[in-house]
Amino acid sequence: MLKRTKGIAISVMAGVTLMCSCTPPAKLIKIEQEQPDTYTNRSLSRFIAQNPKAAVVVRDPNAVSGGVSSSSRSNMVCNLIERALMQKGYNPRDRKMFESVVSKMGDNSDYSDIAKKTNTELLFEVTHFSLEDEYPVNSYYQNTAKMPLTTFNKSLSSVTFMGFSIEIKVVLLQDNLIGGTYKYYYTPCAAPDGGCKITSYNKDTGVLYYLSPKSDKEETLEGSQKSESAKKETRDEKWSKQLGQFISSVVIPDMFKRMNEQVNN
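Residues numbered from 1 in each chain as written. Predicted model: local features only at pLDDT ≥ 70, side-chain atom pairs only at ≥ 80, totals over all residues. Heavy atoms only, no water.

Undergrad: Residue-level account of the sheet that holds strand β12 (residues 207-211), with values.
TA: Strand order in the open sheet made by the 6 strands is β8-β7-β1-β11-β12-β13, with antiparallel pairing throughout. Looking at strand neighbours, the two that pair on one side only are β8 (145-148) and β13 (218-219), the edges of this open sheet. Here 5 bridges tie strand β11 (residues 196-202) to β12, and the two strands are oriented antiparallel to one another. Residue pairing across strands places I198 opposite Y210, the latter belonging to β12. (Pairing = 2+ DSSP bridges. Helix = DSSP H or I, 4+ residues; strand = E, 2+ residues; numbered from the N terminus.)

Below, the structure written as structure tokens:
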């Protein structure tokens with residue numbers, strides 16, 4: 001009788017194990033990560049090594065002659081770069097005062113003239129940023145198999161995820177030299193991070209819900225949470241949060257890493 005009971009118990013356990021192993025594999029959207037495009041002059045590397053707390057200004061891409069004209073987004077980008085630089089031990093100077101001085105200088109002034117007039121050594125100039133880089137997707141991965149989105153839902157043929165990119169030019173003002181250029185891309189659902197897990201799709205509204213690799217909150221392509229009771233983030237608020245994390249944890253640390261690598265080479 002005991003042997004029979006043990007046999008039944010083993011059979012039940014095997015059945016439970018079999019049931020647990022039948023969970024369908026995750027459906028993942030994986031987008032190829034775009035690599036940084038960077039250049040560093042050795043003069044900049046030597047300067048950074050010798051002047052760890054140089055006088056820095058982050059220049060607004062919308063700065064214009066006669067003053068400063070700044071959009072809320074470009075101002076946000078500059079503020080985030082300044083914050084990341086402060087985390088590195090730098091103390092960025094006031095942008096408006098810098099532009100006010102520059103605007104009063106003649107057209108023939110060069111970077112070295114600006115350095116003398118503004119008492120600034122390094123200029124971090126945002127030469128490009130886009131908060132609306134499009135990444136169209138028409139397939140997903142299940143295990144190693146690549147499948148069209150229509151396999152998940154026949155009403156779903158393609159979706160477009162939004163990423164962003166930023167390019168910064170670093171100028172050695174006293175040397176009248178462009179010391180480096182650094183362009184970085186934030187790729188949503190990046191393959192190296194594991195991609196985004198599809199959770200559901202509402203064919204009536206055309207909204208795809210997913211889990212991003214760096215968040216445990218369910219999101220839509222617009223970045224809102226699925227729960228109606230949850231506080232909704234505006235698009236700019238979401239971008240500001242993501243861009244701030246990207247600049248402080250990727251862009252600025254990688255820029256200084258590449259500068260330091262040049263010193264050692």
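Undergrad: Mind laying out the environment of D133, listing which residues take part and the relevant values?
TA: Within the secondary structure, D133 is located in strand β6 (residues 122-137). Put simply, D133 and T160 are 27 residues apart on the chain and 9.7 Å apart in space, counted from C-alpha to C-alpha. A polar contact is formed between the side chain of D133 and the side chain of S130, at a distance of 2.7 Å. Of note is the side chain of D133, whose polar atom sits 2.9 Å from the side chain of S165. (Polar contact = N/O pair within 3.5 Å; in protein donor to acceptor, adjacent residues only side chain to side chain.)

Undergrad: Lay out helix α4 (residues 95-103) with the relevant residues and their values.
TA: The set of residues buried in α4 consists of R95, F98, E99 and V102. Buried positions in α4, seen along its axis, are confined to an arc of 95° and lie on one side of it. Of the residues in α4, the exposed ones pointing more than 90 degrees away from the buried face are K96 and M97. For α4, the N-terminal cap is D94; the gap from its side-chain oxygen to the backbone nitrogen of K96 is 3.0 Å. (Buried < 20%, exposed > 50% of the residue type's maximum accessible area, 1.4 Å probe, protein only. Arc of directions from axis to C-beta.)

Undergrad: Which residues make up unusual backbone geometry, and what are the values?
TA: Within the chain, N143 stands out as a residue other than glycine whose phi angle is a positive 60°. Considering the arrangement of structural elements, one finds N143 in the loop between β7 (139-142) and β8. The exposure class assigned to N143 is exposed, which follows from its relative accessible area of 60%. Phi is positive for C189, close to 55°, though the residue is something other than glycine. Along the chain, the position of C189 falls in the loop between β10 (177-186) and β11. In this structure C189 comes out as buried when scored by relative accessible area, which is 4%.

Undergrad: I'd like to hear about the packing of aromatic side chains, residue by residue, with values.
TA: Per the stated rule, a full pass over the model turns up 7 aromatic pairs. Residues Y140 and F152 carry aromatic rings whose centres are separated by 6.4 Å and whose planes lie at 75° to one another, so their mutual orientation is edge-to-face. Here the residue Y140 occupies a position in strand β7, and F152 occupies one in helix α6 (residues 149-152), the gap between them amounting to 12 residues. Since its relative accessible area comes to 1%, Y140 is described here as buried. Through a chain of ring-to-ring contacts, three or more aromatic side chains come together here, namely Y90, F124 and F256. (Phe/Tyr/Trp six-rings, centres within 6.5 Å; stacked < 30°, edge-to-face > 60°.)

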